[in-house]
Amino acid sequence: MQDLGDLDSLYRELILDHHRSPRNTEPLISPDVEVDAVNPFCGDEVKVQLKTSGGTLNGISVTGRGCSISQSSASMMGELVKGRSVEDAMRARRAFQALMKGEALTEDQLADLGDLEALQGVKRYPVRIKCALLAWSALEDALKRVRA
Ligand code: ZN
């Protein structure tokens, strides 16, 4: 895949694996919130559904279509925040945004991101950053609605 050519091969495998077999794609029966996001620059689409209880994300569904960056980021995000608190999810969102901006992350922030570290090479491709952040902006919208 040409647009991943520059990424470390281990990271590349992880990205392609999430793209081929996205996690948490089963739709939720009656989600508390549902957010659709579109990245017109690349044609990527992501839908995030959440179910929460007592401030914990005890149900998440992430589906969509588009490039490997957008879809692997979405899949990794779902795996990361599933079963975590709304606060944890917001913190991960901030850490991932910082990673995409090329900011230096603390050890704690990197630990918060887990597999998403695999996408760090994307920061070198400004056009693709929107792809990587798409699912996260949908998640942020969803979390805000949960709180409201
Ligand atoms: Zn894309």
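Since this is a predicted model, take the numbers as computed values, not measurements.

Quick notes on the coordination of the zinc ion
- Protein coordination at the zinc ion comes from Cys42 (SG), Asp44 (OD), Cys67 (SG) and Cys131 (SG), with a distance range of 2.1 to 2.3 Å.
- Classification of the site at the zinc ion rests on its 4 donor atoms, whose angles at the metal span 96 to 119°, yielding the label tetrahedral.
- All donors to the zinc ion come from one chain, and their sequence spacing reads C-x1-D-x22-C-x63-C. Of this pair, Asp44 sits in strand S2 (residues 44-53) while Cys131 sits in helix H5 (residues 126-147); the two residues are 87 residues apart in sequence, bridging distant segments of the chain. Of the two residues, Asp44 and Cys131, neither departs from the other in class, the shared state being buried.

Brief notes about the nonpolar core
- Within the largest apolar cluster, 43 residues are counted, with the highest numbers of intra-cluster contacts made by Leu50, Phe96, Met100, Leu119 and Leu139.
- Each residue touching Met100, except ones within four places of it in the same chain, is listed here: Leu119, Gln120, Val122, Lys123, Ile129, Ala132 and Leu133.

Structural notes on the packing of aromatic side chains
- In total, this model carries 1 aromatic pair according to the counting rule given.
- Arranged with centres 5.2 Å apart and planes meeting at 25°, the rings of Phe96 and Trp136 form a pair that is stacked. One end of the pair, Phe96, is in helix H3 (residues 86-100); the other, Trp136, is in helix H5, and 40 residues separate them in sequence.
- Its relative accessible area of 0% is what places Trp136 among the buried residues.
- In this structure, Lys130 is placed above the aromatic ring of Phe41, and the distance from its NZ or CZ to the ring centre is 4.8 Å.

Section: the sheet that holds S2
- Spatial strand order, S1-S2-S3: 3 strands in an open sheet with antiparallel pairing. Of all strands in the sheet, those with a lone pairing partner are strand S1 (33-39) and strand S3 (56-65), marking the two edges. When strand polarity is set aside, the average angle formed by the axes of neighbouring strands in this sheet is 15°.
- As paired elements, S1 and S2 share 7 bridges and run antiparallel to each other. Residue Val35 lies in a different strand from S2, and its bridge partner there is Val48.
- Together, S2 and S3 form the strand contacts of helix H2 (residues 68-81), whose direction differs from that of S3 by roughly 170°.

Rules used in this analysis
Residues numbered from 1 in each chain as written. Predicted model: local features only at pLDDT ≥ 70, side-chain atom pairs only at ≥ 80, totals over all residues. Heavy atoms only, no water. Donors = N, O, S within 2.8 Å, 3.2 Å for Na, K, Ca; no water. Tetrahedral: all angles 85-135°; square planar, octahedral: opposite > 155°, others 65-115°. Helix = DSSP H or I, 4+ residues; strand = E, 2+ residues; numbered from the N terminus. Buried < 20%, exposed > 50% of the residue type's maximum accessible area, 1.4 Å probe, protein only. Core = buried A, V, L, I, M, F, W, Y, C linked by side-chain atoms within 4.5 Å. Contact = heavy atoms within 4.5 Å. Phe/Tyr/Trp six-rings, centres within 6.5 Å; stacked < 30°, edge-to-face > 60°. Lys NZ or Arg CZ within 6 Å of the ring centre and 35° of its normal. Pairing = 2+ DSSP bridges. Axes fitted to C-alpha atoms, helices over the stretch in contact; angles between N-to-C directions.

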